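Summary of structural features
Listed below, chain by chain, are the residues.
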Amino acid sequence: DQDGTLYSNKSELIAAIIERTNSWLMYKLNKPKEENIYYTLKQKNPNIIEGIISLGYTVEEYHREVFDKIDPKKYLKRDEELIKILNGLNSQIYTVTFGSYKYSKELQLALGISHFIKKTYCVEDDTVNYSKKFFYELIAKEEGLKFSEICVVGDNYYVDINPAIELGCVSVHISDKEVAGPNFTIQNIYELPKVLNILNTDYK
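So, a few notes on the structure that sits alongside this text. If you're wondering where the values come from, they're calculated on a predicted model, not measured in any experiment. (Residues numbered from 1 in each chain as written. Predicted model: local features only at pLDDT ≥ 70, side-chain atom pairs only at ≥ 80, totals over all residues. Heavy atoms only, no water.)

**A look at helix H1 (residues 12–29)**
Between its first and last C-alpha, H1 extends 25 Å over 18 residues, near the 26 Å set by a 1.5 Å rise per residue. Listed in full, the buried residues belonging to H1 are Leu13, Ile14, Ala16, Ile17, Ile18, Thr21, Asn22, Trp24, Leu25 and Met26. At the N-terminal end of H1, a side-chain oxygen is found 3.0 Å from the backbone nitrogen of Leu13, two or three residues along, and the residue is Ser11. Just downstream of H1 lies Asn30, where phi reads positive at about 55 degrees. (Helix = DSSP H or I, 4+ residues; strand = E, 2+ residues; numbered from the N terminus. Expected span 1.5 Å × (residues − 1). Buried < 20%, exposed > 50% of the residue type's maximum accessible area, 1.4 Å probe, protein only. Polar contact = N/O pair within 3.5 Å; in protein donor to acceptor, adjacent residues only side chain to side chain.)

In C-alpha cells, the structure reads:
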C-alpha cells in the first residue's frame, strides 16, 4: 500500500485527501457543505473506489479531480528512517494504490524513496473488481513467486490485507488495533524490520 502505510495515516496529507474527496463529491452531488459525503460513502463501501463508481463517477475522474490536485510535498518531507528500511530490504518493492500515477510519483519523490520502488500499480477503471487482489496476482506472476513468498503491507484491513490473506500472502497490517487472523500487526512502517526478522528466523 502507499497512503497511510509509507507515511502515517494521521498525516495532514490523509486529511487533505479526505477533504478534497468530500468537496469534489459535494460539488458533483450538489450537497450542502456541512454534509460529510466521504464518511457516509466509506460506511457503505469500505472500498472507496467502489463507492465512487456506485455514484456514477469514474476512477479517472476521481484521480484527476482529487489526487492530481494535491501536492504531497506540502505535507511530506524526505524520510531518512524509511529510506534506511527500504534500502535494507533484499526484495523487489511494489506499491499498489487507489491514488493516481502522477500523485504517487510526487509522493515517492517527496519521501525520497522513488528509486526503491520497482513499479507502482494504480487501481483504474478497467481493474478487475477494483480490487488490489488483481495486482497481487499480477506481481506474483511477474516475479515468478508463490503467494507465500510475497509480503503485503497496508493500513486498511478490508482493502489491503484481506485480499492478501485470501491468496496466502504474508500480511502485515499497520494499525493501532490488532485484528485476529493470519496476519502481523504493527503500529507503523518503522516496525516492519521486526516482522521481517521473525520471518527470517522462521524460514531458516
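**Here we look at the packing of H1 against helix H2 (residues 37–44)**
Orientation of H1 relative to H2, taken along the N-to-C sense of each, is 95 degrees, at an axis distance of 8 Å. Here H1 is positioned roughly perpendicular relative to H2, judged by the angle of their axes. For the pair H1 and H2, the contacting residues are Ile18, Thr21, Asn22, Leu25, Met26 and Leu29 in the first and Ile37, Tyr38, Tyr39 and Leu41 in the second. Considered class by class, the residues forming the contact of H1 with H2 number eight nonpolar, two polar and no charged. (Axes fitted to C-alpha atoms, helices over the stretch in contact; angles between N-to-C directions. Parallel < 35°, antiparallel > 145°, perpendicular 65-115°, else oblique. Contact = heavy atoms within 4.5 Å. Nonpolar A, V, L, I, M, F, W, Y, C, P; charged D, E, K, R; others polar.)

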